[in-house]
Each structure stands twice: as structure tokens, then as C-alpha cells.
Amino acid sequence: VMQGSALYSQGKADVIFFEAQVQEAQAALDQAESALVDFQARNQMSILGARLDSLHQAQLDYLGQQRAIGYLIQDVEGLRAQLAEQTGTQSASLADSLTALLLQIKAFNVGSSTPVQLQVDGSAGIADKSPAEQRAFLEGLVTTLRAKSAEIDERLAELEPQVLSTQRDLQAVTVESDRLTLAQELARDTYMTLARKLEEARISAQEE
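Along each chain, numbering runs from 1 in the same order as the chain's sequence is written. pLDDT decides what is reported in this predicted model: residues at 70 or higher carry local features, side-chain atom pairs at 80 or more are listed and counted, and totals for whole chains, interfaces and linings draw on all residues regardless. To get the side-chain values, take all heavy atoms of the structure and skip hydrogens and water.

Each helix and strand in the chain was counted, giving 5 helices and 0 strands. For the chain, the succession of helices and strands along the chain, N to C, is α-α-α-α-α. Per-residue burial over the chain gives 26% buried out of 208 residues. The contact definition used throughout considers only heavy atoms, calling two residues in contact when any of these lie within 4.5 Å. Considering only intrachain contacts with a sequence separation of at least 6, the fraction spanning at least 24 residues in the chain is 89%. A run of H or I in DSSP becomes a helix once it reaches four residues, and a run of E becomes a strand once it reaches two; helices and strands are each numbered from the N terminus. In this scheme, a residue with accessible area under 20% of its type's maximum is buried, one over 50% is exposed, and one in between is partly exposed, where area comes from a 1.4 Å probe on protein chains only.

Encoded structure:
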């Protein structure tokens, strides 16, 4: 019986050994779970994620404004070139004057949440500028648009370090969360394995 117990059962010594191991595993599991709970009390992952999404959206909005300004400058330059071909002191054509007016409205609408709407009752007062005056007006519009583009460049430059800093903070929080979660899962798996071993040892020690 003694030889059989030595060969096929773990014996009372193994029960004592696994009981000690289970107690240590239980303490480690409690510590890992407590650390994870403490982390959740200061977990800013959702806050940082929302902040990063907001910064990315701001970047997209500014880039969209930059693209719209670029297209608008091309249109204004095209109209200036068209007006440069006209000579004399006569007033610019109604079509060119309306085009200049629409370009000005587009310039006002860039970056605005409320589009500017204009109602025109007639052509009086619209086509009363000469081509030279229209070109001067368009040149000033281009200057304004380029100044606005430069301002957007500055805002984008200000956003970049904020985005990078938020990304770093979010990654640090994510890494810490993953590490604590993995530690808790490993501690739980270790505890469950040792608990099963202890139960097997107790059953084996009771065999006669």
C-alpha cells in the first residue's frame, strides 16, 4: 500500500505543498485585482481618446479650409487674368462683376458655420467698376485669402504638439491597462491551476 501510494498518489505532503501554493496564488490574485481596480479609478483612456478625436477633427477642418482657400485663390487668379485682357475705362461686364462678387462671398464662407447669402435685385451698382478696379479688388482678396491661409498654418502648427502629446499619454495609459489586465489574468489562471492541483492532491491523499 505504501509503495502504491508513493507511485500513484501525491500524498499528504503534496496537499500541504499545494495549500501553501494556493494561498500565495490567492494573495497574488488579490493584489493584481486591487491594482487593476485602483487603475480604473484614475483611468483617463476614454477622456484622452475623445480629446484626440477632437484634435484630429480640428486638423481635418483646418486642412479642408486650406484646400478650399487654395481652390478659391486659383479661381480669383483666373478671373484676374481674364480681366487683364480687357482694356479701356469701360465698366467690367456683368458676368465678371458677378463672378468677383461670388468669389468674395466664397471667401467669407471659408471656415464659417453660417454661409453668407446675398440677394441681388438688379445689375445696378454691380457692374460699375472698371476692369482695373476689379483687378485691384481681386488682388486685395487674394492677399486676404493668403493671410487667412497663413493663419490656418499657425493653428495647425499649434495643434501638432497637442496631438502628439495626447497620443503619447493615450498610449501610456493603454500600455498600463494592458499590463495590469494581463497580470490579473495570469494570476487568476495560476490560482485556478493550483486550486485544481490541490483538489486532486486531496482526493489522492484520501485513497486507501
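Additional details are given in the paragraphs that follow.
The subject of this paragraph is the nonpolar core. To define a nonpolar core, start from buried Ala, Val, Leu, Ile, Met, Phe, Trp, Tyr and Cys residues and group those joined through side-chain atoms within 4.5 Å. Val 76, Leu 103, Leu 138, Leu 141 and Leu 145 are the most contacted members of the largest nonpolar core, which has 25 residues in total. Elements with a minimum of two residues in this core: helix H2 (11–41), helix H3 (45–84), helix H4 (94–109) and helix H5 (131–206). The biggest single contributor to this core is H5, with 11 residues. Excluding residues that lie within four positions of it along the chain, Leu 103 makes contacts with Leu 72, Asp 75, Val 76, Leu 79 and Leu 141. Of all hydrophobic cores here, the second largest spans 7 residues; its members include Val 15, Ala 25, Leu 194 and Leu 198.

Salt bridge, as used here: a side-chain nitrogen of Lys or Arg that lies within 4 Å of a carboxyl oxygen of Asp or Glu. In this structure the tally under the stated criterion is 5 salt bridges. Among the ionic pairs, Glu 176 bridges to Arg 42, the shortest N-O distance being 2.7 Å. You can see Glu 176 sitting in helix H5 and its partner Arg 42 sitting in the loop between H2 and H3, a full 134 residues away along the chain. Of the charged contacts in the structure, one is a salt bridge between Glu 151 and Arg 155, with a shortest N-O distance of 2.6 Å. Of this pair, Glu 151 and Arg 155 both sit in helix H5, separated by 4 residues, roughly a single helical turn.

On to the side chain of Ser 149. Along the polypeptide, Ser 149 turns up in helix H5. With a relative accessible area of 16%, Ser 149 lands in the buried category. Non-local contacts of Ser 149, meaning those with residues more than four positions away in its chain, are made with Gln 66 and Ile 69.

Aromatic rings from Phe, Tyr and Trp, with only the six-membered ring used for Trp, were paired whenever their centres fell within 6.5 Å, and each pair was classed as stacked if the ring planes differed by under 30 degrees, edge-to-face if by over 60, and tilted otherwise. All chains considered together, the criterion is met by 1 aromatic pair. With a centroid separation of 5.3 Å and 70 degrees between ring planes, the pair formed by Phe 17 and Phe 18 is classed as edge-to-face. A relative accessible area of 46% places Phe 17 in the partly exposed class.

Structural elements are reduced to axes, namely lines fitted to C-alpha atoms, with helices fitted over the stretch in contact, and the angle between N-to-C directions of any two is expressed from 0 to 180 degrees. Where H3 contacts H5, the axes come no closer than 8 Å and their chain directions differ by 160 degrees. It follows from the interaxial angle that H3 and H5 lie roughly antiparallel. Here H3 and H5 pass one another in a crossing that is left-handed. Of the residues assigned to the contact of H3 with H5, the class counts are 25 nonpolar, 12 polar and 11 charged. Comment on the angle field: the value is read as roughly parallel under 35 degrees, roughly antiparallel over 145, roughly perpendicular from 65 to 115, and oblique elsewhere. Should the near helix be turned anticlockwise from the far one by less than a right angle, the crossing is left-handed, and should it be turned clockwise, the crossing is right-handed. Residues were grouped as follows: Ala, Val, Leu, Ile, Met, Phe, Trp, Tyr, Cys and Pro as nonpolar; Asp, Glu, Lys and Arg as charged; and all remaining residues, including Gly, as polar.

With that out of the way, let us pick up the side chain of Gln 66. Counting through the fold element by element, Gln 66 comes out in helix H3. Look at Gln 66 and you get buried, because its relative accessible area is 16%. Those residues in contact with Gln 66 that sit more than four places away from it in its chain are Ser 149, Ile 152, Asp 153 and Leu 156.

What follows covers the confidence of the model for the chain. For the chain, the average pLDDT comes to 80, and 77% of its residues sit at 70 or higher. On a scale of 0 to 100, pLDDT captures the predictor's confidence in every residue. This model gives residues 118–126 a pLDDT under 50, and the stretch forms 9 contacts once residues within four places in sequence are excluded.

Right, let's get into the environment of Ala 84. Structurally, the position occupied by Ala 84 is in helix H3. Each C-alpha atom, one on Ala 84 and one on Pro 131, is 7.3 Å from the other, the two residues being 47 residues apart in sequence.

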